[in-house]
Amino acid sequence: MWWKELLFTALYTGYFPWMPGTAASLFAMLLYMAGFCVFGDAVVWINAVAVGLMLYPGVKLGDSGERFFGEKDPPQIVLDEVLGYMIAVLFHPFSWTTAVLAFLIFRVTDILKPWPTRRLQSLDGGLGVMIDDYIAGVYTSIIITGLKPLLAACGIDRKSTRLKSSHVSQYR
């Protein structure tokens, strides 16, 4: 069972003593950024595959986590935050601005739980653990899509804030 604990606590970030959900979201953002530094633009496709492969197993791991901790949606289960963040950046080309913006907006939507996330969180088992963060990730993605024209109008667009993968490759 140690490997399940490793996964549902997102490599033990769920044991962070203060705000484990924020710690896990930060971990997800750093993982995404590191993925870009290593794989360049392919990180977007790697993220898409990872999300696709982990949606259902994430629910099952949420079930295991609830049994492991003996309570409904314990704060140590943070795989949902990691997957929620990954969903938030799923349909956007990589940029440093988008990565950080997704972290900030995702945390706000995850904490505020706009309709229908709060109600869906009460579902039994791993689905209840994961669904609110999956939806928060979708909301975050929609908000980022809406903000992109505003960011571009303010001179903060993907091209000016992006470290091109060709620049990264010279440091490998």
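Note that the coordinates shown come from a computational prediction; the quantities given were computed from them, not determined experimentally.

Details of the pattern of salt bridges
Within the structure shown, the criterion is met by five salt bridges. When the shortest N-O distance is used, the salt bridge between Asp63 and Lys60 registers 3.7 Å. You can see Asp63 and its partner Lys60 sitting in helix α3 (residues 43-69), three residues apart, about one turn around the helix. Notably, a salt bridge pairs Asp110 with Arg107, separated by 2.7 Å at the nearest N-O pair. Taken together, the positions of Asp110 and Arg107, both in helix α5 (residues 96-112) and three residues apart, correspond to about one turn of that helix. A relative accessible area of 5% places Asp110 in the buried class. By sharing partners, the salt bridges in this structure join Arg107, Asp110, Lys113 and Asp132 into a single network.

A word on the packing of helix α4 (residues 79-88) against α5
In contact at an axis separation of 9 Å, α4 and α5 are set at 125 degrees when each is read in the N-to-C sense. It follows that α4 is oblique to α5 by the angle criterion. Judged by the twist between their axes, the crossing of α4 over α5 is right-handed. Only Ala99, Ala102, Phe103, Phe106, Arg107 and Asp110 of α5 make contact with α4, whose side of the interface consists of Glu81, Gly84, Tyr85 and Ala88.

Considering the packing of aromatic side chains
The final tally for this structure, using the stated rule, is 11 aromatic pairs. Both rings, one in Tyr12 and one in Tyr15, keep their centres 6.1 Å apart while their planes meet at 25 degrees; by these two values the pair is stacked. Of the residues examined, Tyr12 reaches a relative accessible area of 36% and is grouped as partly exposed. Here Tyr32 and Phe94 contribute two aromatic rings whose centre-to-centre distance is 5.2 Å and whose plane-to-plane angle is 50 degrees, an arrangement assigned as tilted.

Comments concerning helix α7 (residues 125-153)
Turn by turn, an α-helix covers 3.6 residues, leaving residues three or four places apart pointing in a common direction. For α7, which comprises 29 residues, the first-to-last C-alpha distance of 44 Å matches the rise-based estimate of 42 Å (1.5 Å per residue) to within 8%. The largest bend along α7 reaches roughly 35 degrees and is located at Leu147, with the proline Pro149 sitting one to four residues downstream. Looking one or two residues beyond α7, the residue adopting positive phi is Gly155, at roughly 85 degrees.

Scoring rules and cut-offs
- Residues numbered from 1 in each chain as written.
- Predicted model: local features only at pLDDT ≥ 70, side-chain atom pairs only at ≥ 80, totals over all residues.
- Heavy atoms only, no water.
- Salt bridge = Lys/Arg side-chain N within 4 Å of Asp/Glu carboxyl O.
- Helix = DSSP H or I, 4+ residues; strand = E, 2+ residues; numbered from the N terminus.
- Buried < 20%, exposed > 50% of the residue type's maximum accessible area, 1.4 Å probe, protein only.
- Axes fitted to C-alpha atoms, helices over the stretch in contact; angles between N-to-C directions.
- Parallel < 35°, antiparallel > 145°, perpendicular 65-115°, else oblique.
- Left-handed = near helix turned anticlockwise from the far one by under 90°.
- Contact = heavy atoms within 4.5 Å.
- Phe/Tyr/Trp six-rings, centres within 6.5 Å; stacked < 30°, edge-to-face > 60°.
- Expected span 1.5 Å × (residues − 1).
- Bend = angle between axes of the 7 residues up to and from the residue.

That is the geometry; function is a separate question.
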